[in-house]
Amino acid sequence: MSYDLVIKNGTVIDGSGLPRFRADVAVQDGRIASIGRIRDGARQVLDAEGHVVAPGFIDGHTHMDAQIFWDPLGTCSCWHGITSVVMGNCGFTLAPCADKDKQLVMRNLERAEDISADAMNVGIEWSWTTYREYMETLERLPKGINYSGYIGHSALRTYVMGERAFDGPATEDDLKAMEAQLRDAIEAGAIGFTTSRSPSHETPDRRPVASRMADWSEVRRLVNVMGELNAGIFELAGENVDRNKDADPAKRRDYHMRLRDLAVESGRPITFGLFSRKDAPGVYKDYVNLLDETAAAGGRMFAQVHSRALSAVLSFRTQTPFDKMPVWKEIRALPLAEQKAKFRDPALRPKLVEAARARFEGAPRGTEARPAVFEWLFVMESVHGTHRSVAEIARQRNCDPVEAMIDLGLETDFNVFFLQPIANEDQEVALELMKLPRAVVTFSDSGAHVSQLMDSSLQTHLLAYWVRERQAFTLEQAVRMLTLVPATQWGFADRGLIRQGMAADFVVFDPDTIAAEMPEVVHDLPAGAKRLTQRCRGIAATVVNGQVLLKDGKHTGALPGRLLRGPLARA
């Protein structure tokens, strides 16, 4: 017989964690048809000699809800071997919402997730009201990779309550209406329900996003709708019970007991991001204990962890820690060429240094730049490895750290990046978290914080740094962490393994060279909005549903991605 595609001569790492083996893989009608020595012909043949053939990587934490409308490829995720993503995290979705009310939804997304309102207004053609109608819209969109989505609490709340969603508790009628909409969304294929209770999530006028106005009883009622249906995952951005060493342990314990009890009561899996923080050392262990405690009580709970420090990526082309300061604010509003002239003015230097040293006005939120602590502000001279701090460079240059940053900017035509860690500062703790049996390596936040974060590469960082450089994991272990584990936790029953009959999603890569490249600042969003992008080397091909999407990082023209609906819609 003749197949649609055969990947020949590769080393198969099948996602299970079992040892690698040499084999060909044949694809027919978007499914894996045969594994072994393939002698039959094919319409397309990929030679994978010297490369690993692995299942496509799965990212369980993205915010590509808006991006999917203007970026069919799914960049930057697709450049790093990602073939399936989960969007709609932290309560932020575009549905349910009518076109006339879309500013309510955008208000939740704009500041909390750094998604440009101008880009959304220009780039999204609104054609839905309910979440079910939104799913039908997604079904019709051209897609390079596969997408699944939650229904978000903030959108659900504003759909039912309008402006009242930002002001206070829901009424009984509101709750019944939200329950009905959530039930319909899960039956239409939503993968679950998400919320945010995080103080860092605010609207552009610095009010809490809609979901933060809900009391716990509202959250509990909505999650139990999924319990009644026996379908859906609950994901949340957590409460402010662990942000620093002075946080009240009693409040944290109360929060953890509510999560544990909800997991047991509803029978639905609960998931959240888990990071360590230098200003709250050891607190992460309480969450590790919570995972085990919940399992012992009969509930299901898993953490989402990162493969490196969670860092704001700063630059003069995007944001610096000083942009809101007097003097700086006026300069930073100018075109870059004029900024250079100002930064070269010796009379301005003392004023710039003095302003940067002044008290930071306005508490930072989310991934916004923090006040500069120069020992913890690093120059990104390479993607991997140890980075020098701004303080260290300033000592070497015998100048103030602020001057060092300005000079580095001028010397590189403003193409230097600075890393400001927000969490996971200690990489040994990050490694400990990745090894947890109830954890998934994910949480790229792709599609959000587009000018502040660049974590679409966290999967390839695992392969390049933790496998190749540190040898903390075998390649088999790492591939399993990026494929079978997330596929199992999010219920993608036909993905995450190379097995006959499974969906034909693959990433073909060179384990000796795979690595993220340096970020870039581009203006390719609708309305010319800017974002950070980051490509990857060492990936020969990415295959989605049996079609080659990317070859050597270049788009083939195919758009084989699909909408992955939840289990009730698939039944």
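Scroll up a little and you will see the structure.
Residues numbered from 1 in each chain as written. Predicted model: local features only at pLDDT ≥ 70, side-chain atom pairs only at ≥ 80, totals over all residues. Heavy atoms only, no water.

**Digging into the overall build of the chain**
The condition is simple: Helix and strand labels come from DSSP, where a helix needs a run of H or I of at least four residues and a strand needs a run of E of at least two; each type is numbered from the N terminus. Note on method: radius of gyration uses C-alpha positions; expected globular size equals 2.2 Å times residues raised to 0.38. The buried label applies to any residue whose accessible area, calculated with a 1.4 Å probe on protein chains only, is under 20% of its type's maximum; exposed applies above 50%, and partly exposed to all values in between. Working rule for contacts: check all heavy atoms of both residues, and any pair within 4.5 Å makes them a contact. The method behind every accessible area is Shrake-Rupley, applied with a 1.4 Å probe, and residues are considered shielded solely by the protein chains displayed. Residues scored as charged are limited to Lys and Arg (positive) and Asp and Glu (negative), so that His and the chain ends carry no count. A single reference atom marks each charge: NZ on Lys, CZ on Arg, CG on Asp, CD on Glu.
Counting its secondary structure elements, the chain contains 18 helices and 25 strands. For a compact globule of 571 residues, the expected C-alpha radius of gyration is about 25 Å, and the chain comes in at 24 Å, within 12% of that figure. When its C-alpha atoms are laid out on the principal axes, the chain stretches across 75 × 60 × 45 Å. A buried classification covers 62% of the 571 residues belonging to the chain. Long-range pairs, those at least 24 residues apart, make up 75% of the contacts in the chain between residues at least 6 apart in sequence. If you sum the accessible surface of the chain, you get close to 21500 Å²; carbon and sulfur atoms cover 48% of it. The averaged location of the 76 negative side-chain charges in the chain is 1 Å from the averaged location of its 69 positive side-chain charges.

**What about the environment of Ala 155?**
Examined against the element boundaries, Ala 155 turns out to sit in helix α4 (residues 153-161). Sequence separation between Ala 155 and Cys 97 is 58 residues, and the spatial gap between their C-alpha atoms is 6.8 Å. Beyond its immediate stretch of four places on either side in the chain, Ala 155 contacts Gly 91, Thr 93, Ala 95, Pro 96 and Val 105.

**Regarding the pattern of salt bridges**
In plain terms, the rule: For salt bridges, the criterion is a side-chain nitrogen of Lys or Arg within 4 Å of an Asp or Glu carboxyl oxygen.
Considering all chains together, one arrives at 42 salt bridges under this definition. The salt bridge involving Arg 43 is made with Asp 4; its shortest N-O contact spans 3.1 Å. Taken together, the positions of Arg 43 in strand β4 (residues 42-47) and Asp 4 in strand β1 (residues 3-12) put the pair 39 residues apart, joining distant regions of the chain. For Arg 43, a relative accessible area of 68% gives the class exposed.

**Some details on the environment of Thr 483**
The criterion, for reference: In the analysis that follows, any N or O atom pair within 3.5 Å is treated as a polar contact, provided that within protein one partner can donate a hydrogen and the other can accept it, and provided that, for residues neighboring in sequence, both atoms belong to side chains.
Considering the arrangement of structural elements, one finds Thr 483 in the loop between α16 (475-482) and α17 (484-489). When the C-alpha atoms of Thr 483 and Leu 314 are compared, they prove to be 31 Å apart, with 169 residues separating the residues in sequence. Contact partners of Thr 483, with chain neighbours within four places excluded, come to Gly 15, Pro 55, Gly 56, Phe 57, Ile 58 and Gly 496. A distance of 2.6 Å separates a polar atom in the side chain of Thr 483 from the backbone oxygen of Val 479.

**Points about the packing of aromatic side chains**
The cut-off we apply is this: Pairing of aromatic rings covers Phe, Tyr and Trp, the last counted by its six-membered ring, and requires centre-to-centre distances within 6.5 Å; plane angles under 30 degrees mean stacked, over 60 mean edge-to-face, and any other angle means tilted. Whether a charge lies above a ring is judged from NZ of Lys or CZ of Arg, which has to be within 6 Å of the ring centre and within 35 degrees of the ring normal.
Under the counting rule described, the total for this entry stands at 18 aromatic pairs. Above the ring of Trp 376, the side-chain terminus of Lys 278 is found at 5.2 Å from the ring centroid. Sitting above the plane of the Phe 414 ring, Lys 340 keeps its charged end 5.8 Å from the centroid.

**Let's talk about the sheet that holds strand β14 (residues 310-314)**
Our working rule: When DSSP finds at least two bridges between two strands, those strands are taken to pair.
Taken in spatial order, the three strands line up as β14-β16-β15 in an open sheet, and their pairing is antiparallel. Two strands bound the open sheet, and with one partner strand each, they are β14 and β15 (378-379). With two bridges connecting them, β15 and strand β16 (residues 418-423) associate as antiparallel partners. Across the sheet, residue Phe 378 finds its bridge partner in β16, namely Leu 419.

**What to know about the pairing of strand β2 (residues 21-28)**
Where β1 lies against β2, six bridges are found, and the strand directions are antiparallel. Pairing of Ile 7 across the sheet is with Val 25, part of β2. Inspection of the sheet shows β2 paired to strand β3 (residues 31-36) by five bridges, in the antiparallel sense. Note that in β3 the partner of Val 27 across the bridge is Ile 32. Between the antiparallel neighbours β2 and β3 lie two residues, among them Asp 29 with a positive phi of about 55°.

**A few points about the packing of helix α12 (residues 390-397) against helix α13 (residues 401-411)**
For the record, the criterion: Every axis corresponds to a line fitted to the C-alpha atoms, with the helix fit spanning only the stretch in contact, and the corresponding angles, defined between N-to-C directions, vary from 0 to 180 degrees. Should an angle fall under 35 degrees it is called roughly parallel, over 145 degrees roughly antiparallel, and 65 to 115 degrees roughly perpendicular, with every other angle called oblique. Any residue that is not Ala, Val, Leu, Ile, Met, Phe, Trp, Tyr, Cys, Pro, Asp, Glu, Lys or Arg is counted as polar, Gly included; the first ten are nonpolar and the last four charged.
As a packed pair, α12 and α13 sit with axes 8 Å apart at the nearest point and diverge in direction by 90°. The orientation of α12 with respect to α13, classified from their angle, is roughly perpendicular. Contacts from Val 390, Ile 393, Ala 394 and Arg 397 of α12 reach α13 at Pro 401, Ala 404, Met 405, Asp 407, Leu 408 and Glu 411. Its residues assigned to classes, the contact of α12 with α13 comprises seven nonpolar, no polar and three charged.

**Considerations on the pairing of strand β24 (residues 547-551)**
Here strand β23 (residues 539-544) pairs with β24 via four bridges, running antiparallel. The residue of β24 that forms the bridge with Val 544 is Gln 547. Hairpin connection, β23 to β24: the antiparallel pair is bridged by two residues, and Asn 545 has positive phi, about 50°. Bridge analysis of β24 against strand β25 (residues 554-555) gives two bridges, and the strand direction is antiparallel. Bridge pairing links Lys 551 to Lys 554 in β25. Hairpin remark: β24 followed by β25, antiparallel, with two residues in the connecting loop; positive phi at Asp 552, about 55°.

**Quick word on the side chain of Ser 77**
Residue placement: Ser 77 occurs in the loop between β6 (57-59) and β7 (82-87). Discounting residues that sit within four places of it in the chain, Ser 77 has contacts with Met 64, Ile 82, Val 85, Ser 446 and Ser 456.

**Here's the deal with the packing of helix α15 (residues 458-469) against α16**
Quick note on the threshold: Two helices that cross are described as forming a left-handed crossing if the nearer one is turned anticlockwise from the farther one by less than a right angle, and a right-handed crossing if clockwise.
Contact geometry for α15 and α16: axes closest at 10 Å, N-to-C directions at 165°. In terms of orientation, α15 and α16 fall into the roughly antiparallel class. Two packed elements cross with a definite hand, and for α15 against α16 that hand is right-handed. Note on element contacts: α16 touches α15 through Leu 475, Ala 478, Met 481 and Leu 482, opposite Gln 459, Leu 462, Leu 463 and Val 467.

**A short note on the nonpolar core**
Keep this limit in mind: The nonpolar core is taken to be a set of buried Ala, Val, Leu, Ile, Met, Phe, Trp, Tyr and Cys residues, with the residues joined through side-chain atoms within 4.5 Å.
If you look at the biggest cluster of nonpolar residues, it comprises 117 residues, and the most contacted ones within it are Phe 272 and Phe 509. It is helix α6 (residues 216-229) that provides the largest number of residues to this core, a total of seven residues. Contact partners of Phe 509, with chain neighbours within four places excluded, come to His 51, Val 52, Ala 54, Phe 57, Leu 463, Leu 475, Val 479, Ile 514, Gly 538, Ile 539 and Ala 540. If you look at the next biggest cluster of nonpolar residues, it comprises 30 residues, including Ile 331, Ala 404, Leu 410 and Ile 422.

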